[in-house]
Amino acid sequence: MEWESLARRYGDRVLLVVRSIVRDDAAALDVSQEVLLKIGRSLNGQAGVKNYDAWVLTVAGNAARDALRSRTRRREVAMEQDVVDERRPEGALLAQESRDRVARALETLPAGARDVLLLKFREGLSGPEIAQALGVSLAAAWQQLSRAMKLLRSKLTETP
Amino acid sequence: MNCPTTETLERLALGFHEDPAPLRAHAAACAACAARLKLLGADHAALEAAAKAVRLPRVPRPRARTPWRPLGLAAAGLLVATFLVMILSRPSAPPAAPPVASSAADAQVASKGDGLRDAMSRINAPNGILTGVDGRREVLNDESKLFRRKRNENASGEALDNYGESVGRRDPFDKTAVTRPGPEPAPAPPPPLGPPQVLPPPPRPEPPKLAPEPRSEPPKPPEPPRPEDPPVMIFKDAGINPTVDTAKETTSTFGLDVDTASYTLIRNSLNRGQLPNPRGVRVEECVNYFRYLDPAPETGTFAIRLEAAPSPFDPERHLLRIGIKAKEIKESERKDVVLTFVIDVSGSMGQENRLELVKQSLRELIDRLRPSDRIGIVVYGSSARDVLASTPVAQKERIVSAIDALRTEGSTNVEDGLRRGYGYATRDFDGKKTNRVVLCSDGVANNGVTDPESLLKQVKDKAAEGIFLSTLGFGMGNYNDHLMERLADGGNGNYAYIDDLKEARKIFSEKLAGMMEVVAQDAKLQVEFDPATVATFRLLGYENRHVANRDFRNDKVDAGEVGVGHHVTALYELGLKPDAPGRLATVRIRYKDLALNEVVEAQESLGRAQVKALAADGSASWRMAATAAMFAEILRESPRAKEVSWDRVQAEAERAARDLDRPEDAVEFVELVKKAAALKR
């Protein structure tokens, strides 16, 4: 497959999976490039993979974790350092905000929180798919997503 | 069905609920829930629109043509390897000018040390997806979360929740509890050992990126640790099991735990004149520290013994003791062991003579092994290094002199140490013997991969290959209890904390066989109460061993490993219905029997008529277990222990010690109760 169509089809998704794990923009782009190359090679070579989309997620997640492991640098997990208000507004909070304001709030979230939200709401991945990509249980994936939602909601309510 | 929380509904709506069918049925029938789901749906649609508006960077097109890239990498790797060989062959001389083609990045890699690369070439780095590492621990019900949260807030004012898992990090916003011990009494200066000791860098406090909501009382972040403070300790709060109404649930399931480290840690803390951190108190480990008078099974793998009587601490409640005793084998009947010790020789191990204690412990152990057992030793500081290739215990002098030569050095790269240790164990693997890696450390990881999930993944992979991991904890300040426990749990091994030579002797003599030879894997216990006789029940301890009831017969769920002669005790606090005859409870144990190599289930029941009328009728073992549990309950500030006085605990401890013919442990326990009572006042 040509690079362009490969990047168009899987680029965003691979980048988000990788970036949600390595949490570093430059490194994520490097790793994503490798992943896309690998996907391209396999596409031309073998056709043994049944569920192609799930396989892409697994390849991306594994490559990201390998990259993280091979770097001796301590993993900075900005997301877990944030203090989150545990209470949750009952109403449809996000629906009352303008799209751009929500998008801006999204962009200012810590990398891990932002990317897991994007995997869900931009790429439309299912719960099990996100869990598989991140290499954690469904419950742990929910914890990440739920924490990210709380962060986003509290971000939108903190400033009028 | 009660209406679920909004968070649970959101979890359902977004497809993250594990068991969505009943909730969905409820939401379809319940107008309030349906309305809430609709509001959530609007939120999600808005978020979807916003997410699609976010701009993402494009993944760059590769510059070189694909086929050349791997070749280029291989060439760079070759250069790095040559470079490493040059350094290795002349360890004392500084390397001459690095090869021209070696980039700055390569040079940096090379300077990080040989251990990782070298070890990587021997073992395949684990690859693949992390399995749901902690799925079972996340299945805690709401009430227990509530307890946990209340207690966390009370303790420190931190906004903590049970989100995710993390250890080994020491940032102040970690939800893992951090205790700073006060000044240590009579600090014995560590002997000047070898090269200068490198202390772990002080924790870097980082301000929270997000201000808390102004509407609420802002959660105060804890005071960031200052560099001059004594080192911190890391514990993880697993919450406290709630009291369950049998009208709602009649069954309780958990994985067995034979560890005892929590009790030893408490003892060490009290002997230093400090109350232990409530979050590091695990009730089951305190109860299991003591030896009870349950007989070993005459046939089969386990004997189950049940006993219930009114609680000596609360006349309204009864205590059910479940004693599980694994079969014994003679020392001569155990399999040979192939042990690989992975010993932390980082700077922190120089404090308080920790490394000396490790060395003494190892000498104790070697005296008790057989000539046909084998021992290998790997040490790690900043990187890992082989000290002793696998050597039969017949050559005792060689082993002892290798132990004597151990010195502290550098920072703490646990990952590298484990990797190299597993390299040894893999090479010397013998399917007919017991293969085990033993990690001796204070549990601080500050170099290399410090992400516990990644360490745990390696440990689990190796356990699946038949190489188990046990962890022995040493040291007090800087101690990471949670990491050591999780690693042993993931590695199908035991976790013990050694605070002095006496404890080392105890572990290596009395408990050696059990520690080395496993009889049952993934052992789970399920207790089913009869709602006709039992109104409420509460499991004391085993919080982090929780298994969902429906997973009792799921043999893929990871649970506890039990060794030869091990003794596991569990206590339930019961509220009984008056004068209702019949069955009280049925206890089932399910495990993989390693002798038969098949999954076995056994059960035992207790009738209401067998419940003793008075607390005084309880056996000595029952009383000892009840008192040890109450001791732990008070120390962990359990809400159910508020009304219990230390005098009462002390009286019961004295009586239990007397009834058990005053074994050393029980006598020591009485002294600890006195110390704790004095500190609490």
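Residues numbered from 1 in each chain as written. Chains lettered and ligands numbered in written order. Predicted model: local features only at pLDDT ≥ 70, side-chain atom pairs only at ≥ 80, totals over all residues.

Re the overall build of chain B
In step 1: Regarding its fold elements, chain B presents 20 helices and 18 strands.
In step 2: Counting every position in chain B, which comprises 681 residues, the buried fraction comes to 47%.
In step 3: In chain B, the proportion of contacts linking residues at least 24 apart, taken out of those at least 6 apart, comes to 80%. (Helix = DSSP H or I, 4+ residues; strand = E, 2+ residues; numbered from the N terminus. Buried ≥ 20, exposed ≤ 12 C-beta atoms within 10 Å, placed from the backbone. Contact = placed C-beta atoms within 7 Å.)

Here we look at the overall build of chain A
In step 1: When helices and strands are tallied, chain A shows 7 helices and 0 strands.
In step 2: Written out in order from the N terminus, the α and β elements of chain A read α-α-α-α-α-α-α.
In step 3: Restricting to contacts in chain A with at least 6 residues of sequence separation, those with at least 24 account for 75%.

Regarding the sheet that holds strand β7 (residues 337-344) of chain B
All names here are of chain B.
In step 1: Strands sit in the order β9-β8-β7-β10-β11-β12 across an open sheet of 6 strands; the sheet is mixed. Of all the strands in the sheet, just β9 (384-392) and β12 (495-497) have a single pairing partner and so form its edges. Along the sheet, successive strands turn relative to each other by an average axial angle of 15°, direction set aside.
In step 2: In the sheet, strand β11 (residues 468-473) pairs with β12 via 3 bridges, with the strands oriented parallel. Residue pairing in the sheet places Leu472 in a bridge with Ala496 of β12.
In step 3: Packing of helix α9 (residues 261-271) onto the sheet brings it into contact with β11 and β12, and relative to β12 it is tilted by some 15°. (Pairing = 2+ DSSP bridges. Axes fitted to C-alpha atoms, helices over the stretch in contact; angles between N-to-C directions.)

Some thoughts on the sheet that holds strand β5 (residues 302-310) of chain B
Residue and element names in this part refer to chain B.
In step 1: Taken in spatial order, the 5 strands line up as β3-β14-β16-β6-β5 in an open sheet, and their pairing is antiparallel. What marks the edges here is a single partner per strand, and that holds for β3 (244-245) and β5.
In step 2: In the sheet, strand β6 (residues 318-326) pairs with strand β16 (residues 567-576) via 8 bridges, with the strands oriented antiparallel. Residue pairing across strands places Ile324 opposite Val568, the latter belonging to β16.

Some details on the packing of helix α4 (residues 99-107) of chain A against helix α3 (residues 31-53) of chain B
In step 1: With their axes 8 Å apart at the nearest point, α4(A) and α3(B) run at an angle of 65° to one another. One finds that α4(A) runs roughly perpendicular with respect to α3(B). The two elements α4(A) and α3(B) cross, and the hand of that crossing is right-handed. On α3(B), the residues touching A:Arg99, A:Asp100, A:Val102, A:Ala103 and A:Leu106 of α4(A) are B:Ala46, B:Leu47, B:Ala49, B:Ala50, B:Ala51 and B:Ala53. (Parallel < 35°, antiparallel > 145°, perpendicular 65-115°, else oblique. Left-handed = near helix turned anticlockwise from the far one by under 90°.)

Things to note about the pairing of β16(B)
Residue and element names in this part refer to chain B.
In step 1: The element β16 is largely enclosed, with a buried count of 8 among its 10 residues.
In step 2: As defined by bridge partners, strand β14 (residues 534-540) adjoins β16 across 6 bridges and the pair is classed as antiparallel. Considered in β16, the bridge of Phe537 is made with Leu574.

Concerning the pairing of β14(B)
In step 1: Two elements, β3(B) and β14(B), share 2 bridges in a ladder whose sense is antiparallel. By the bridge assignment for β14(B), B:Val244 is matched with B:Phe537.

Some thoughts on the environment of B:Asn277
Residue and element names in this part refer to chain B.
In step 1: Its location among the elements puts Asn277 in the loop between α9 and α10 (283-287).
In step 2: Assessed through the 23 C-beta atoms surrounding it within 10 Å, Asn277 is described here as buried.
In step 3: Distance from Asn277 to Arg636, taken between C-alpha atoms, is 7.6 Å for residues 359 residues apart in sequence.

Focus on the packing of helix α1 (residues 3-22) of chain A against helix α5 (residues 111-121) of chain A
Residue and element names in this part refer to chain A.
In step 1: At a closest axis distance of 8 Å, the pairing of α1 and α5 adopts a crossing angle of 150°. Here α5 runs roughly antiparallel to α1, going by the angle between their axes. For the element pair α1 and α5, the recorded crossing hand is left-handed. Between α1 and α5, the residues in contact are Leu16, Val17, Arg19 and Ser20 and Ala111, Gly112, Asp115, Val116, Leu118 and Leu119, respectively.

Focus on the environment of B:Arg608
Residues and elements named next belong to chain B.
In step 1: Looking at the secondary structure, you find Arg608 in the loop between β18 (598-607) and α18 (620-635).
In step 2: In the structure, Arg608 is positioned 75 residues away from Thr533 in sequence and 7.2 Å away in space, judged by C-alpha atoms.
In step 3: Apart from residues no more than four positions distant in its own chain, Arg608 is found in contact with Thr533, Ala580, Pro581, Gly582, Arg583 and Leu584.

Description of the confidence of the model for chain A
Atomic detail in the predicted coordinates should be set aside for any region of low pLDDT.
Residue and element names in this part refer to chain A.
In step 1: Here chain A averages 76 in pLDDT, and 75% of its residues register 70 or above.
In step 2: Looking across chain A, the model is least confident in helix α2 (residues 25-45), with a mean pLDDT of 78, and most confident in α5, with 89.
In step 3: Considering only residues more than four positions removed or in separate chains, one finds that residues 72-90, a stretch of pLDDT under 50, has 51 contacts. (pLDDT = per-residue confidence, 0-100.)

Concerning the confidence of the model for chain B
Residues and elements named next belong to chain B.
In step 1: Model confidence for chain B is summarised by a mean pLDDT of 75, while 73% of its residues fall at 70 or above.
In step 2: Confidence over residues 65-231 falls short of pLDDT 50; this stretch has 253 contacts with residues more than four positions distant or in other chains.
In step 3: The ipTM assigned to the predicted complex is 0.84, against a pTM of 0.54.

With respect to the environment of B:Leu365
In step 1: Looking at the element boundaries, B:Leu365 is found in helix α11 (residues 354-368).
In step 2: C-alpha separation for the pair B:Leu365 and B:Ala504, spaced 139 residues apart in sequence, amounts to 8.5 Å.

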